Amino acid sequence: MNRVTSLYLDLIRVSAALVVVLTHLAYTRFSGGQLLAWRSLGNDAVMVFFVLSGYVIAWSAAERELTLGHYALNRAARLYSVALPAVALTVLLDAIGRHWSPALYHGFQYQGGEPALRLLHALTFTHELWFQSWRVFSNGPYWSLGYECGYYLLFACAWYLRGVWRGIAVLAGAALLGPKILLLLPVWALGVVVYRINSRH
């Protein structure tokens, strides 16, 4: 990827990240309602991240990750480099927060039942399959990693496999993920389409 394109994508990524931060700060309990106008932009910013992800994954597969094994290793490294610190910090900070201010943890923002199963789902990225949503304690934004992992799986089936196995694997992957994750697949796939257009022109 050339330097100009890389810088452009980084600029979009940073801008979307700032919008997401403002979206979360806009909750009344954090900013007293002063930033409520930003709440409506949060979902749009997440969709930008999905499109960027599709674009970058398509570029990586076309230019660097030429085998399924290489792709799988890099995707696992990328996911776990985010997931492991995120889950560890969530457990640690929730323990501290529940000790100092238990009242903050009464409500939908914190879900702590069946902690071992919740951690298992989080670390296998199965927390959003079909109609379930195993929230990782207080870590609401973690949901997106379950979607990303699903899209990585479907992309691998469609990109690296050939013949009848490609169709079988894509259908099996879609059946595993369920309708909730598949509803946002066109957004992620838009990034792949944009990369393909961009690479030809």
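Residues numbered from 1 in each chain as written. Predicted model: local features only at pLDDT ≥ 70, side-chain atom pairs only at ≥ 80, totals over all residues. Heavy atoms only, no water.

## Focus: the overall build of the chain
Along the chain, the regular secondary structure elements total nine helices and zero strands. Ordered by position from N to C terminus, the α and β elements of the chain give α-α-α-α-α-α-α-α-α. Counting only C-alpha atoms and orienting by the principal axes, one finds that the chain spans roughly 55 × 35 × 25 Å. Within the chain, counting contacts between residues at least 6 apart in sequence, those at least 24 apart form 66% of the total. By element, 70% of the accessible surface of the chain is carried by carbon and sulfur atoms, the whole surface being about 11800 Å². The average position of the 15 basic charges and that of the 8 acidic charges among the side chains of the chain differ by 3 Å. (Helix = DSSP H or I, 4+ residues; strand = E, 2+ residues; numbered from the N terminus. Contact = heavy atoms within 4.5 Å. Areas by Shrake-Rupley, 256 points an atom, 1.4 Å probe, with all protein chains shown as cover. Lys, Arg positive; Asp, Glu negative; His and termini not counted. Charge placed at Lys NZ, Arg CZ, Asp CG, Glu CD.)

## Focus on helix α7 (residues 164–177)
With 14 residues, α7 extends 20 Å between its outermost C-alpha atoms, agreeing within 8% with the 20 Å of an ideal straight helix rising 1.5 Å per residue. Burial in α7 covers these residues: Ala-169, Gly-173 and Leu-177. Viewed along the axis of α7, the buried residues span an arc of 65°, placing them on a single side of the element. In α7, those exposed residues whose orientation departs by more than 90 degrees from the buried face are Val-164 and Leu-171. A positive backbone phi angle near 90° is found at Gly-178, which sits one or two residues after α7. (Expected span 1.5 Å × (residues − 1). Buried < 20%, exposed > 50% of the residue type's maximum accessible area, 1.4 Å probe, protein only. Arc of directions from axis to C-beta.)

## Digging into the state of the cysteines
In a disulfide, the sulfur atoms of two cysteines are covalently bonded to one another. In this structure the tally under the stated criterion is zero disulfides. Not engaged in a disulfide, the cysteine Cys-149 finds its nearest cysteine sulfur in Cys-157; these two sulfurs lie 11 Å apart. You can call Cys-149 partly exposed: its relative accessible area is 22%. Accessibility expressed as a relative area gives 10% for Cys-157, which makes it buried. (Disulfide = S-S within 2.5 Å.)

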